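# Tertiary structure, described
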Amino acid sequence: SKKNYFFFFFWRRYTLTIEEAAGYYHIGEGKLRMLIDQNPHEDFYVMNGNRALIKREKFERYLDQATAV
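Remember, it's a predicted structure, so these values are computed and weren't measured experimentally. (Residues numbered from 1 in each chain as written. Predicted model: local features only at pLDDT ≥ 70, side-chain atom pairs only at ≥ 80, totals over all residues. Heavy atoms only, no water.)

Another aspect to go through is the pattern of salt bridges. Counted under the stated rule, the structure contains six salt bridges. The salt bridge partner of Arg33 is Glu19, with a shortest N-O separation of 3.5 Å. A residue pair is termed long-range when its members are at least 10 positions apart, and Arg33 in helix α3 (residues 29-38) and Glu19 in helix α2 (residues 18-25) qualify at 14 residues. Overall, the relative accessible area of 38% leaves Arg33 in the partly exposed class. Take Glu19: its relative accessible area is 40%, and that puts it in the partly exposed class. Across the pair Arg56 and Glu60 runs a salt bridge whose closest N-O atoms are separated by 3.7 Å. Taken together, the positions of Arg56 and Glu60, both in helix α4 (residues 56-65) and four residues apart, correspond to about one turn of that helix. Using a relative accessible area of 8% as the deciding quantity, one classes Arg56 as buried. Connected via shared salt-bridge partners are Glu19, Glu29 and Arg33. (Salt bridge = Lys/Arg side-chain N within 4 Å of Asp/Glu carboxyl O. Helix = DSSP H or I, 4+ residues; strand = E, 2+ residues; numbered from the N terminus. Buried < 20%, exposed > 50% of the residue type's maximum accessible area, 1.4 Å probe, protein only.)

The values reported here are purely geometric and, on their own, carry no functional implication.
Given below as structure tokens:
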């Protein structure tokens, strides 16, 4: 299906939706939303209207520094 086709190219995309990031990083959608809410000044996400998009490479750098998620 088209949804599965895009999954293989996540590593090339600049941003991921919350749902895509949850599947890619094996972190729950609720936890991702909580990370955004608790870290309003971090640059690992961008808001597109009321929709949060995860900046893939910056979020990976954030995870590299984190001791727990």
